[in-house]
Amino acid sequence: MSRSGEDERRPHGELVADVLAVLWQVGKPMTAQQVNAVLDKGLARTTMATILSRLYEKGTLRRIPVTRGFAYEPVEDAEGLAAGRMRRELESEPRRELVLKRFVSSLSASDEETLRRLLLEAEEGSS
C-alpha cells in the first residue's frame, strides 16, 4: 500500500463509532445499505455489511432477518456499551483492587461524588 493510502485511512475504531452513532440516533434496525446511505462516506455496501456483521459477532449488535439480508440494531445504548467495556477491562485484570484504587484516585471531585451516590443507591436497592 502506498504511503498516501495509509494517510487516508481512518483512525482505528472511528468508522465503527460512526456506524454505532447512526444506529443509536435512528433508533430502529437498519440494513447495511441504509447505514451506508446515512453515513455517506462512499463505502462499498460489502464493506458496511462486513462491519455490521463483525459487530454482530462481537455481540454489539443484534440482527433481524429482512427480505434479502439483515437489519441491525444495537444491543445496548452508548452508556451501556462503555460500562461493558469498563467491566471487561476490570475482569481481565488480576490486581482488581489496585486498578479500582487508581481509577477512583483519578476521578474528579464531581465524578467521585457521583460514584459514592451511585454505590449508596445500589446498596440501598439490594437491601
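Above this text is the structure in question.
These lines cover the structure that appears in this document, whether it is placed above or below. Everything quoted here is computed from the prediction, not taken from an experiment. (Residues numbered from 1 in each chain as written. Predicted model: local features only at pLDDT ≥ 70, side-chain atom pairs only at ≥ 80, totals over all residues. Heavy atoms only, no water.)

## Considering the pattern of salt bridges
It is possible for side chains of opposite charge to pair when their charged atoms get near one another.
Next up, step 1: Scanning all chains against the criterion turns up 5 salt bridges.
Next up, step 2: R62 is paired through a salt bridge with E73; the nearest N and O atoms lie 3.4 Å apart. One end of the pair, R62, is in strand β1 (residues 61-66); the other, E73, is in strand β2 (residues 69-74), and 11 residues separate them in sequence.
Next up, step 3: Given a relative accessible area of 36%, R62 falls into the partly exposed group. (Salt bridge = Lys/Arg side-chain N within 4 Å of Asp/Glu carboxyl O. Helix = DSSP H or I, 4+ residues; strand = E, 2+ residues; numbered from the N terminus. Buried < 20%, exposed > 50% of the residue type's maximum accessible area, 1.4 Å probe, protein only.)

## Thoughts on a nonpolar patch on the surface
Next up, step 1: On the surface, M86, F103 and V104 cluster together to form a nonpolar patch covering roughly 260 Å² of accessible area.
Next up, step 2: By the secondary structure assignment, V104 is in helix α6 (residues 96-105).
Next up, step 3: Look at V104 and you get partly exposed, because its relative accessible area is 32%. (Patch = residues over 30% accessible without salt bridge, like charges linked within 9 Å, V, L, I, M, F, W, Y side chains within 5 Å. Areas by Shrake-Rupley, 256 points an atom, 1.4 Å probe, with all protein chains shown as cover.)

## Quick look at the packing of aromatic side chains
Next up, step 1: Scanning the model with the defined rule gives 1 aromatic pair in all.
Next up, step 2: Cation over ring: R63 sits above F70, and NZ or CZ is 4.0 Å from the ring centre. (Phe/Tyr/Trp six-rings, centres within 6.5 Å; stacked < 30°, edge-to-face > 60°. Lys NZ or Arg CZ within 6 Å of the ring centre and 35° of its normal.)

## Examining the nonpolar core
Next up, step 1: The biggest cluster of nonpolar side chains holds 17 residues, and the ones touching the most others in it are V19, L23, V35, L39, M48, L52 and L61.
Next up, step 2: Among the elements of the structure, α2 (14-26), α3 (32-39) and α4 (45-57) are those that each provide at least two residues to this core.
Next up, step 3: Excluding residues within four positions of it along the chain, V35 makes contact with V19, V22, L23, M30, M48 and L52. (Core = buried A, V, L, I, M, F, W, Y, C linked by side-chain atoms within 4.5 Å. Contact = heavy atoms within 4.5 Å.)

## So, the packing of α2 against α3
Next up, step 1: Put simply, α2 and α3 touch, their axes get as near as 10 Å, and they point 105° apart. When the axes of α2 and α3 are compared, the pair comes out roughly perpendicular. Each of L15, D18, V19, V22 and L23 in α2 lies in contact with α3, whose residues at this interface are V35, V38 and L39. (Axes fitted to C-alpha atoms, helices over the stretch in contact; angles between N-to-C directions. Parallel < 35°, antiparallel > 145°, perpendicular 65-115°, else oblique.)

## Quick word on α2
Next up, step 1: Here α2 is 13 residues long and its end C-alpha atoms lie 18 Å apart, about the 18 Å a rise of 1.5 Å per residue gives.
Next up, step 2: Here α2 has its buried residues at L15, V19, L20, V22 and L23. Axial view of α2: buried residues confined to an arc of 155°, hence all on one face.
Next up, step 3: In this structure, the buried side of α2 is in contact with α3, α4, β1, β2 and α5 (78-91). (Expected span 1.5 Å × (residues − 1). Arc of directions from axis to C-beta.)

## Details of the pairing of β1
Next up, step 1: As paired strands, β1 and β2 are joined by 6 bridges and run antiparallel to one another. The residue of β2 that forms the bridge with P65 is F70.
Next up, step 2: Following β1, the chain reverses through 2 residues before pairing antiparallel with β2. (Pairing = 2+ DSSP bridges.)

## What about the side chain of N36?
Next up, step 1: Here N36 lies in helix α3.
Next up, step 2: Those residues within four positions of N36 in sequence are excluded, and the remaining contacts are K41, L43, A44, R45 and M48.

## Notes on α3
Given 3.6 residues to a turn, an α-helix orients residues that are three or four positions apart in the same direction.
Next up, step 1: Where α3 is concerned, the buried positions are A32, V35, N36 and L39. Taken around the axis of α3, the buried residues stretch over an arc of 100°, which confines them to a single face. Counted as exposed and oriented over 90 degrees from the buried face of α3: Q33 and A37.
Next up, step 2: Residues of α3 that are buried sit in contact with α2, α4 and β2.
Next up, step 3: Of the residues one or two after α3, D40 is the one with positive phi, at around 50°.

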